[in-house]
Amino acid sequence: MERLFQNSRFLVIIAIITSAISSLLVYITCVNIVFNVVKTTVISLPDSAKGGKEMIVELLKILDLLLIGITLQVITISLYRLFISPATTKSSQFLAAFHIEDFHDLKITLVQVTSVILVILFLEHAVEFGGTIETLYLGISIAIVVAASTFAWRSMK
């Protein structure tokens, strides 16, 4: 029975493959979007503040997507290193760079990245819609989530 439980860790390969494919798809999508933004910008350079803001919002959305792709990549490599690879996490330069030594550290990293993504989402909204009451509500909501997340990950240490 113990051997069965030990070998069941290989079921994590399903999550690893899924997150690796997802990360790759996000990267490919971002390259395509950047190509189209560059093409559109070269063809018709923004000639107003509104056009410049629209381009900035588009670039922020790309940055948001890239952060999600990087997060998926971190999940992929971390899950592989933590569950499949016989190498210790101390010998992994990737996990050392993110200070991931166990599954708990991976969760903390994900909470931190999610907070950054939420802040970028707020910035996108503020640039796109300006100082509206909805922007205020969104900012308050994101601030509460980021504060709760920060409290949670600091409590997890």
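Rules used in this analysis
- Residues numbered from 1 in each chain as written.
- Predicted model: local features only at pLDDT ≥ 70, side-chain atom pairs only at ≥ 80, totals over all residues.
- Heavy atoms only, no water.
- Helix = DSSP H or I, 4+ residues; strand = E, 2+ residues; numbered from the N terminus.
- Buried < 20%, exposed > 50% of the residue type's maximum accessible area, 1.4 Å probe, protein only.
- Contact = heavy atoms within 4.5 Å.
- Areas by Shrake-Rupley, 256 points an atom, 1.4 Å probe, with all protein chains shown as cover.
- Lys, Arg positive; Asp, Glu negative; His and termini not counted.
- Charge placed at Lys NZ, Arg CZ, Asp CG, Glu CD.
- Axes fitted to C-alpha atoms, helices over the stretch in contact; angles between N-to-C directions.
- Parallel < 35°, antiparallel > 145°, perpendicular 65-115°, else oblique.
- Left-handed = near helix turned anticlockwise from the far one by under 90°.
- Nonpolar A, V, L, I, M, F, W, Y, C, P; charged D, E, K, R; others polar.
- Patch = residues over 30% accessible without salt bridge, like charges linked within 9 Å, V, L, I, M, F, W, Y side chains within 5 Å.
- Salt bridge = Lys/Arg side-chain N within 4 Å of Asp/Glu carboxyl O.
- Expected span 1.5 Å × (residues − 1).

(A) Looking closely at the overall build of the protein. Counting its secondary structure elements, the protein contains six helices and zero strands. Taken from the N to the C terminus, the helices and strands of the protein come in the order α-α-α-α-α-α. For the C-alpha atoms alone, the extent of the protein along its principal axes is close to 65 × 35 × 25 Å. In the protein, which comprises 157 residues, the share counted as buried stands at 25%. Looking at the protein alone, contacts between residues at least 24 apart form 67% of all its contacts between residues at least 6 apart. Summed over its atoms, the accessible surface of the protein is roughly 10400 Å², and 71% of this surface lies on carbon and sulfur atoms. Between the averaged position of the 11 positive side-chain charges in the protein and that of its 11 negative side-chain charges there is a distance of 8 Å.

(B) The packing of helix α5 (residues 103-129) against helix α6 (residues 133-156), seen in detail. Running from N to C, α5 and α6 point in directions that differ by 165°, and their axes come no closer than 10 Å. By the angle class used here, α5 and α6 are roughly antiparallel. Considering how the two elements wind past one another, α5 and α6 form a crossing that is left-handed. Seen from α5, the contacting residues are H104, I108, V111, Q112, S115, L118, V119, F122, H125, A126 and F129; seen from α6, they are E134, T135, L138, G139, I142, V145, V146, S149, W153 and M156. Grouping the constituent residues of the contact of α5 with α6 by class yields 13 nonpolar, seven polar and one charged.

(C) How the structure looks around a nonpolar patch on the surface. Taken together, the side chains of F10, I13, I17, I21 and L25 present a nonpolar region at the surface, about 440 Å² in accessible area. Take L25: it is sitting in helix α2 (residues 12-43).

(D) Spatial organisation of α6. The first and last C-alpha atoms of α6 sit 35 Å apart over 24 residues, in line with the 34 Å expected at 1.5 Å per residue. Among the residues making up α6, those that are buried are T135, I142, S149 and W153. Residues of α6 that are buried sit in contact with α5.

By themselves, these are just geometric observations and shouldn't be taken as functional.
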